[in-house]
Amino acid sequence: MKITIIGTGYVGLVTGACLAELGNDVFCLDVDQKKIDLLNHGGIPIHEPGLEEVVARNRAAGRLHFSTDVAASVAHGTLQFIAVGTPPDEDGSADLQYVLAAARNIGKYMTEFKVVVDKSTVPVGTADRVKAAVQAELTARGEQAKFSVVSNPEFLKEGAAVEDFMRPDRIVIGYDSTPEGEKAHGLMKKLYTPFNRNHERTFWMDVRSAEFTKYAANAMLATRISFMNELANLADQVGADIEAVRHGIGSDPRIGHSFLYAGAGYGGSCFPKDVQALERTARQYDQDLLILRAVEAVNDKQKLVLGQKVVKRFGADLSGKHFAIWGLAFKPNTDDMREAPARVLIRQLIDAGATIAVYDPVAMTEARRVLALDLSAEELARIRFASSPMDTLTDAEALVIVTEWKAFRSPDFDRIKGALKQATIFDGRNLFEPEVMAEAGFEYHGIGRSILTRA
Ligand SMILES: NC(=O)c1ccc[n+]([C@@H]2O[C@H](COP(=O)([O-])OP(=O)(O)OC[C@H]3O[C@@H](n4cnc5c(N)ncnc54)[C@H](O)[C@@H]3O)[C@@H](O)[C@H]2O)c1
Ligand SMILES: O=c1ccn([C@@H]2O[C@H](COP(=O)(O)OP(=O)(O)O[C@H]3O[C@H](CO)[C@@H](O)[C@H](O)[C@H]3O)[C@@H](O)[C@H]2O)c(=O)[nH]1
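About the cut-offs
Just so you know, the residues in each chain are numbered from 1, in the order the chain's sequence is written. Whichever chain is written first is A, and whichever ligand is written first is 1; the rest continue in order. Restriction of local features to residues with pLDDT of at least 70 applies here, the model being predicted, together with a cutoff of 80 or more for giving and counting side-chain atom pairs; totals for whole chains, interfaces and linings are based on all residues. To obtain the side-chain values, all non-hydrogen atoms of the structure were used and water was disregarded. What counts as a helix is a DSSP run of H or I of at least four residues, what counts as a strand is a run of E of at least two, and both are numbered from the N terminus. Both definitions apply: the radius of gyration is a C-alpha atom measure, and the globule rule equals 2.2 Å times residues to the power 0.38. For every residue, the accessible area (1.4 Å probe, protein chains only) is compared with the maximum for its type, and the residue is labelled buried under 20%, exposed over 50%, or partly exposed between those bounds. By definition, residues are in contact when any of their heavy atoms lie within 4.5 Å. All accessible-area figures derive from a Shrake-Rupley calculation using a 1.4 Å probe, and residue coverage is judged against the displayed protein chains alone. Axis definition: a line fitted to C-alpha atoms, limited for helices to the stretch in contact. Angles are taken between N-to-C directions and run from 0 to 180 degrees. Under this scheme an angle from 65 to 115 degrees is roughly perpendicular, one under 35 degrees roughly parallel, and one over 145 degrees roughly antiparallel; angles in between are oblique. By definition, any crossing whose near helix is turned counterclockwise from its far helix by less than a right angle is left-handed, and any crossing with a clockwise turn is right-handed. Nonpolar residues are Ala, Val, Leu, Ile, Met, Phe, Trp, Tyr, Cys and Pro. Charged residues are Asp, Glu, Lys and Arg, and all others, Gly as well, are polar. The length a helix should cover is 1.5 Å for every residue beyond the first. Each C-beta atom gives one direction from the helix axis, and the arc is the one those directions make. Working definition: residue near molecule or strand if any one of its non-hydrogen atoms lies within 4 Å of it. Each polar contact in these results corresponds to two N or O atoms within 3.5 Å; when the atoms are within protein, one needs to be able to donate a hydrogen and the other to accept it, and residues that are neighboring in sequence are counted only if both atoms are side-chain atoms. Where each domain starts and ends comes from a domain assignment, either automatic or drawn from a database. When a carboxyl oxygen of Asp or Glu lies within 4 Å of a side-chain nitrogen of Lys or Arg, that pair is called a salt bridge. Strand pairing requires that DSSP identify at least two bridges connecting the strands. A clockwise course of the path from the first strand over the helix to the second, judged with the strands pointing away from the viewer, identifies a crossover as right-handed. UniProt positions are given in the numbering used here, feature names are shortened, and annotations may be inferred rather than shown by experiment. Each Phe, Tyr or Trp ring (for Trp, its six-membered ring) is paired with any other whose centre lies within 6.5 Å, and the angle between the two planes then decides the class: stacked below 30 degrees, edge-to-face above 60, tilted in between.

**Q** Sorry if this is basic, but what is going on with the overall build of the protein chain here?
**A** Counting its regular elements, the protein chain contains 17 helices and 14 strands. Taking 2.2 N^0.38 as the reference for a compact globule, 455 residues should give roughly 23 Å; the C-alpha atoms of the protein chain span a radius of gyration of 24 Å, in line with that estimate. C-alpha atoms of the protein chain, sized along the principal axes, occupy 75 × 45 × 40 Å. Counting across all 455 residues of the protein chain, residues that qualify as buried make up 54%. For the protein chain, the share of sequence-separated contacts (at least 6 apart) that also reach a separation of at least 24 residues comes to 73%. In the form shown here, the protein chain has an accessible surface area of approximately 19,700 Å², with 53% of it arising from carbon and sulfur atoms.

**Q** How should I be thinking about the packing of helix α9 (residues 207-238) against helix α12 (residues 290-314) in this particular structure?
**A** For any two helices packed against each other, the geometry comes down to the angle between their axes and how far apart the axes lie. α12 packs onto α9 with a crossing angle of 45° between their chain directions and a minimal axis gap of 9 Å. As the angle between them shows, α9 and α12 are arranged oblique. In this structure, α9 crosses over α12, and the sense of that crossing is left-handed. Contacts between α9 and α12 involve A219, A222, T223, S226, N229, E230, N233 and D236 from the first element and I291, L292, V295, V298, N299, Q302, V305 and K309 from the second. Classifying every residue of the contact of α9 with α12 gives 7 nonpolar, 6 polar and 3 charged.

**Q** Help me out: how do you make sense of unusual backbone geometry in this one?
**A** With the exception of glycine, the majority of residues adopt a negative phi angle, and the majority of peptide bonds are in the trans configuration. At D286, a position not held by glycine, the phi torsion is positive, near 60°. Looking at where D286 falls in the secondary structure, it is placed in the loop between α11 (271-284) and α12. The phi dihedral of A423 is positive, around 45°, even though this residue is not glycine. Given a relative accessible area of 13%, A423 falls into the buried group.

**Q** Explain helix α6 (residues 126-141) to me, please; I cannot follow it from the model alone.
**A** For an α-helix, 3.6 residues make a turn, and residues three or four places apart therefore share a direction. Given a rise of 1.5 Å per residue, 16 residues ought to cover 22 Å, and the 23 Å separating the end C-alpha atoms of α6 matches this to within 8%. Turning to α6, its buried residues number three or more, namely T126, A127, V130, A133, V134, E137 and L138. Buried residues of α6, viewed axially, fall in a sector of 130°; they line one side. Turned more than 90 degrees off the buried face of α6, the exposed positions are T139 and A140. At its buried positions, α6 is contacted by β4 (79-82), α5 (97-109), β5 (114-118), β6 (147-151) and α9.

**Q** Would you mind showing me how to read the packing of α12 against helix α13 (residues 341-351) here?
**A** Closest axis-to-axis distance for the α12/α13 pair is 8 Å, and the angle between their directions is 35°. Where α12 crosses over α13, the handedness of that crossing is right-handed. For the pair α12 and α13, the contacting residues are K303, L304, L306, G307, Q308 and V310 in the first and P341, V344, L345, Q348 and L349 in the second. Here the residues of the contact of α12 with α13 sort into 7 nonpolar, 3 polar and 1 charged.

**Q** What's the story with the site of ligand 1 in this structure? I'm lost.
**A** Taken together, 24 residues surround ligand 1, and among them V11, D30, K35, T86 and K273 come closest. Note that an oxygen atom of ligand 1 is positioned 2.9 Å from one of the backbone N or O atoms of T121. Interatomic distance of 2.9 Å between a side-chain N/O atom of E158 and a nitrogen atom of ligand 1. Here ligand 1 loses 89% of its free accessible area of 830 Å² to cover by the protein chains. Shared between two domains, the shell around ligand 1 holds at least three residues of each, these being domain 1 (2-205) and domain 2 (222-445).

**Q** Explain the pattern of salt bridges here, please?
**A** Should the charged atoms of two oppositely charged side chains come close, the side chains can pair. Scanning all chains against the criterion turns up 30 salt bridges. Salt-bridge contacts for E112 lead to K114; the nearest nitrogen and oxygen are separated by 3.7 Å. Salt-bridge contacts for D288 lead to R293; the nearest nitrogen and oxygen are separated by 2.4 Å. For D288, a relative accessible area of 39% translates into the label partly exposed. R293 gets classed as partly exposed once you look at its relative accessible area, which sits at 38%. Salt bridges sharing partners connect three or more residues here, namely E158, D336 and R338.

**Q** Explain the pairing of β6 to me, please; I cannot follow it from the model alone.
**A** With 5 of 5 residues buried, β6 lies mostly within the body of the structure. The side-chain alternation of β6 yields two buried faces, one formed by F147, V149 and S151 and the other by S148 and V150. Sheet analysis places β5 next to β6, joined by 5 bridges and oriented parallel. Across the sheet, D118 pairs through a bridge with S151, a residue of β6. Taken together, β5, α6 and β6 form a β-α-β motif whose crossover is right-handed.

**Q** Explain the site of ligand 2 here, please?
**A** Taken together, 19 residues are adjacent to ligand 2, and F155, L156, K214, N218 and C270 come closest. Separating an oxygen atom of ligand 2 from a side-chain N or O atom of R429 is a distance of 3.3 Å. In the complex, 91% of the free accessible area of ligand 2, which totals 700 Å², lies under the protein chains. Secondary-structure elements contributing two or more residues to the shell around ligand 2 are α9 and α11.

**Q** Honestly, the UniProt feature "domain: UDP-glucose/GDP-mannose dehydrogenase C-terminal" (unreviewed entry) in the protein chain in this entry has me stumped. Any pointers?
**A** When the UniProt feature table is mapped onto this chain, "domain: UDP-glucose/GDP-mannose dehydrogenase C-terminal" (unreviewed entry) is found at residues 324-434. For residues 324-434, the end-to-end C-alpha separation is 20 Å, with 31% helix and 17% strand making up the annotated structure.

**Q** Looking at this structure, I do not really get the packing of aromatic side chains. What am I missing?
**A** Considering all chains together, one arrives at 10 aromatic pairs under this definition. A centroid spacing of 5.9 Å and a plane angle of 90° characterise the contact between Y175 and W204, whose relative ring orientation is edge-to-face. In this pair, Y175 is assigned in the loop between β7 (171-174) and α8 (179-192) and W204 in strand β8 (residues 202-205), connecting sequence segments 29 residues apart. Taking relative accessible area as the criterion, W204 reaches 27% and is therefore assigned partly exposed. Among the aromatic side chains, those forming a connected cluster through ring pairs are F165, Y192 and F195.

Shown next, in the form of structure tokens:
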């Protein structure tokens, strides 16, 4: 099938590359000329396992094209996927300017039937606004071509995006019952057949329910995390181990084991903004989503917990003290630092006067970029970008772990102990067992592990 993807970011690039992998003829559009040039020269703008190979293979096969040419992009695909960003507006609601600009472009150039597929995460009712935007441009040109807007939200996770896209848990498609909607239904069915032959994992529904499903999924997952983080903080007080509790409750199939890990708070480009946007939607209807407000407030507090533990242990004035940080990306296997808890921790330590050495397996370049935005030149000068995990430790009082990269799971503890001034680890992702750390001679501070051991 001929497909256009508008917006070649995480979602657009993965969607385009994976649909090309299945034999479709894909045209990826972006307004960012640098990104398109990089892709046309064989580069990849993001770190995403397996993506580079899929992009290279399909470019070479002539099934995947990158361009900034809007007219050509509209002419190309019968299916026009909108996969542009929907960042939070000043009031927390989703900013739809990029989605609506993409819709207007489709209306400006289309001359035959198109299916406009909303893949971006957009508030309930956005498909109607996209429809109106396309129609206004058609009317202005006196163009009679028909179209339908469907909602096909994306559920991929960064760091596992290609795998998630190729083997989805579910495919959600919202369409309407007009003749154009039925035609769109047929085309979407054909497109997704290779992913699940009998469509056992495709959920067909009305457009508004599909839009809502995306927010409901992220809100539920964020709720589980904040719930566990709040309990972890209590576990620290009452002398319980949140990891034991996690196993204890997760074995109930009604609860399950996933997304119950306490830690340094959730980050990334989705949970924080989507929880906020759903709250805003509710407020437009005079409804106050009390649970989600608490989910957000707990997460904001949780991002401060690691830094507070450091201050409690080493004092409010950290001037003259140096700390090592492992992990900067908001989660492993990505270089994305949007809303990353590490940024909050760094701000706390810098404000308290400390100097820091940081290391992340892939996010070092991105870290230099975002920390230059977060900090003043003087503050930035107090951060050393180390070349390896061990390289962060020299002269550090303690090690603080913020991201659970595999490479951090079995380090050489003797070397760490030898290098640190105080053999102290703050483990923001509960990578290690408190008893094992105590035996190894460390003072260990996990999240909700209650056990504070001294060598
Ligand atoms: N990142 C994820 O893991 C993820 C997962 C599921 C859903 N989503 C949702 O998908 C959407 C895209 O997210 P992302 O992380 O891929 O964003 P992103 O910022 O990585 O990419 C968006 C791209 O769209 C381009 N763009 C903006 N306006 C354009 C226009 N008018 N025409 C063409 N290109 C344009 C930008 O230059 C950018 O390259 C968001 O709504 C997000 O909530 C993201
Ligand atoms: O038990 C857990 C699980 C996750 N996290 C944190 O939660 C954040 C988000 O993690 P994850 O969901 O794995 O990453 P994302 O790439 O943000 O993916 C989420 O957001 C996407 C964008 O909407 C959706 O498509 C995905 O389904 C949804 O999982 C990260 O900071 C994690 O460290 C925890 O603290 N505890």
